[in-house]
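Geometric and topological summary
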Amino acid sequence: MTALRQDPLEQATERAQWYWVSDGIPLIVMGGFWILWGGVLLLPILFPGGLTRVMGIIVILAMLAMALSMKRLIHAWKERVTVPRTGYIELRQPSKAIRLIVPILAAVITFSIALLLRFEYRSFREWIPLGFGLVLAAGMLHASWKMRSLRLAALSTMVAAVAAVSFTLRLAEILSFSLTMLGAGTGLVADGLLRLQSYLHAHPNDAGDEQ
Amino acid sequence: MNDAVRSIGSVDRLIHEPGRLMLVALLYAVESADFLYLLNESGMTKGNLSSHLAKLEDAKYVEIVKGFRGKIPHTLVRLTKKGRGAFDRYRAQLKTISATLESAPVSNSE
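All figures in this text were calculated on a predicted structure; none of them were measured in a lab. (Residues numbered from 1 in each chain as written. Chains lettered and ligands numbered in written order. Predicted model: local features only at pLDDT ≥ 70, side-chain atom pairs only at ≥ 80, totals over all residues. Heavy atoms only, no water.)

Another aspect to go through is the environment of Val-24 of chain B. Its place among the elements puts Val-24 of chain B in helix 3 (residues 18-28). Not counting residues up to four positions away in its chain, the partners in contact with Val-24 of chain B are Leu-56, Leu-79 and Phe-87 of chain B. (Helix = DSSP H or I, 4+ residues; strand = E, 2+ residues; numbered from the N terminus. Contact = heavy atoms within 4.5 Å.)

Attention now moves to the pairing of strand 2 (residues 62-69) of chain B. Looking down a regular strand, the side chains alternate between one sheet face and the other. All names here are of chain B. Sheet topology places strand 2 next to strand 3 (residues 72-79); eight bridges connect them, and they run antiparallel. Among the inter-strand pairings, Gly-67 is bridged to a residue of strand 3, identified as His-74. Joining the antiparallel neighbours strand 2 and strand 3 is a turn of two residues, in which Gly-70 adopts a positive phi near 70°. (Pairing = 2+ DSSP bridges.)

A few words now on helix 8 (residues 150-168) of chain A. All names here are of chain A. Taking 1.5 Å per residue, 19 residues should reach 27 Å; helix 8 reaches 27 Å between its end C-alpha atoms and fits that length. When we look at burial in helix 8, the residues that qualify are Leu-152, Ala-153, Leu-155, Ser-156, Val-159, Ala-163, Ser-166 and Phe-167. Buried positions in helix 8, seen along its axis, are confined to an arc of 165° and lie on one side of it. Residues of helix 8 that are exposed and angled more than 90 degrees away from the buried face: Leu-150, Thr-157 and Thr-168. Of the residues trailing helix 8, Arg-170 is marked for its positive phi of about 55°. (Expected span 1.5 Å × (residues − 1). Buried < 20%, exposed > 50% of the residue type's maximum accessible area, 1.4 Å probe, protein only. Arc of directions from axis to C-beta.)

Take the nonpolar core next. Among the nonpolar cores identified, the biggest contains 63 residues, and Ile-89 of chain A together with Leu-38, Leu-49, Leu-53 and Phe-87 of chain B are the most heavily contacted of them. With nine residues, helix 3 (residues 25-46) of chain A is the single largest residue contributor to this core. Every residue in contact with Ile-89 of chain A, bar those within four places of it in the chain, is listed here: Ala-16, Tyr-19 and Trp-20 of chain A together with Val-30, Ser-32, Ala-33 and Tyr-37 of chain B. (Core = buried A, V, L, I, M, F, W, Y, C linked by side-chain atoms within 4.5 Å.)

With that out of the way, let us pick up the pairing of strand 3 of chain B. Across two bridges, the pairing between strand 1 (residues 30-34) of chain B and strand 3 of chain B is antiparallel. When the sheet's bridge partners are listed, Ala-33 of chain B is paired in strand 3 of chain B with Val-77 of chain B.

What follows is about the side chain of Arg-20 of chain B. All names here are of chain B. Take Arg-20: it is sitting in helix 3. Despite its burial, Arg-20 pairs with no opposite charge; the closest candidate is Glu-17, at 4.4 Å N-O. Excluding residues within four positions of it along the chain, Arg-20 makes contact with Arg-13, Leu-14, Ile-15, His-52, Lys-55 and Leu-56. (Lys, Arg positive; Asp, Glu negative; His and termini not counted. Salt bridge = Lys/Arg side-chain N within 4 Å of Asp/Glu carboxyl O.)

This is the structure:
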């Protein structure tokens, strides 16, 4: 009944969004990059000393390179796996303004949470990783609701828990960031692999003569 | 004659056809889609889908890029700006018509 009452256009949009992640590939790639980012953030902790500034530049460059290559990697993988089986779609991209506003908004919310929750016995900097974890968890919860995915909802809870535990244990800020990213990345990769497995099972490669 | 009622006759017939309406709605939701995706989502036959896409392409509502992935033909379809505009107008017209019909008095058959 719900399907009949839903606006067909809204349904087509939701279905396209669901289709984009149904093969698990975007989740695996995104999760993989988060794991790498988490790992890269650990570098200054693993190699402390005079190289801090060089490490900082390496971290920023590595993160930028990964972010820029993420879309290409997803496309290349989808071309091999998804296109021959169920076809290809390119989702509509949000406007430049929205793409700019979202990360700024996320940063503002992160700092606001840190500011709101601040107590005397903890510095502002210590609250930032917790704020980041909560914003990340909220984003995942939103995605889980849009995708009707219980696994992603559980993952968002896990991310919030990792951030909270890191905070409680009074870990260094960078270590807290790193653990939150590693936790979120691992969960995303696991979820993506499960999706990919069921996708491949449901769609054996019996490509026709035209795609 | 009521203008709203008269507008029923002015709907875009190219989009109004159910098969093409389905395709335009599918394409409206994405940036682009390939032939296989449209085939799976619409449930049409290949011939039917090709025929509808050709009509939409003739009207410049869609842009079709044909190529190859390896040795397999690959057709990518995207709604043009003109096509998006036409679909927006069509939806607006349908809403007006729907409102007109809802406000019309109901005849008592008994």
